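Each chain is listed here by its residues.
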Amino acid sequence: LERLNQIAAWRRIYGRVSPRLRDQELVLRILALYLSAPTYKRPLKAFLNRVVEAHRTEGENAVVTEHFTEAAQLIETSAGREALRRQSGQVNAAFTEALFVGLMRRLDQGRPIEAASVRNAIAVINNDSRMETAVSRATADEESVRSRLEIATSAFATV
């Protein structure tokens, strides 16, 4: 987590290092949902602990690191810092995890993806009326998590 939290593209889109480790927690949330979204159940802390325990192998970490890094670079070059922020100007963790998980799932397909396609997918995600509800109310509920990940995964799958 510390290594991923220091990736240059991630730092540029997330912002300053959080003294309360919110940036590292968000990286963990992204990875946990990427690896184990179908098993997600509240509470979030228990889910994160289960995923960390289940996914400790080095080979798996290499793929996850590669996809996280590439997703951060694509988001940075396509939409920049503003991609992670909603109306408040603050990083929206629920929206950020959806963007990353959707894009990382697309990267699993092994097909090239251009920054313009990522920018278009982010616009589709932002314009989906269901996303606003999924990232602003009861964000830890299973239905909200499932909904936002489906929206983002679908948007990236078509580019």
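Rules behind the numbers
Residues numbered from 1 in each chain as written. Predicted model: local features only at pLDDT ≥ 70, side-chain atom pairs only at ≥ 80, totals over all residues. Heavy atoms only, no water. Helix = DSSP H or I, 4+ residues; strand = E, 2+ residues; numbered from the N terminus. Buried < 20%, exposed > 50% of the residue type's maximum accessible area, 1.4 Å probe, protein only. Contact = heavy atoms within 4.5 Å. pLDDT = per-residue confidence, 0-100. Polar contact = N/O pair within 3.5 Å; in protein donor to acceptor, adjacent residues only side chain to side chain.

A. Fine view of the environment of Glu 76. On the secondary structure map, Glu 76 appears in helix H5 (residues 58-78). Judged by relative accessible area, which is 22%, Glu 76 ranks as partly exposed. Each C-alpha atom of the pair Glu 76 and Ala 115 lies 8.9 Å from the other, and the pair is 39 residues apart in sequence. Setting aside residues up to four positions removed in sequence, Glu 76 forms contacts with Ala 9, Arg 12 and Ile 13.

B. Geometry of the confidence of the model for the protein. Predicted confidence across the protein gives a mean pLDDT of 94, with 97% of residues reaching 70 or more. At the low end of the mean pLDDT range in the protein sits H5, at 90; at the high end sits helix H9 (residues 142-157), at 98.

C. Just unusual backbone geometry, in detail. A cis amide bond, omega 0 degrees, links Arg 42 with the succeeding residue Pro 43. By the element assignment, Pro 43 lies in the loop between helix H3 (22-36) and helix H4 (44-54). The phi dihedral of Leu 21 is positive, around 65 degrees, even though this residue is not glycine. With respect to the helices and strands, Leu 21 occurs in the loop between helix H2 (8-14) and H3. A relative accessible area of 46% means that Leu 21 is categorised as partly exposed. Its identity is not glycine, yet Ala 138 carries a phi of approximately 45 degrees, on the positive side. Mapped onto the elements, Ala 138 comes out in the loop between helix H8 (129-136) and H9.

D. Local environment of the side chain of Asp 23. As for its placement among the helices and strands, Asp 23 is situated in helix H3. In terms of polar contacts, Asp 23 uses its side chain to reach the backbone amide nitrogen of Ser 18, at 3.1 Å. Excluding residues within four positions of it along the chain, Asp 23 makes contact with Asn 5, Trp 10, Arg 11, Tyr 14, Arg 16, Val 17 and Ser 18.

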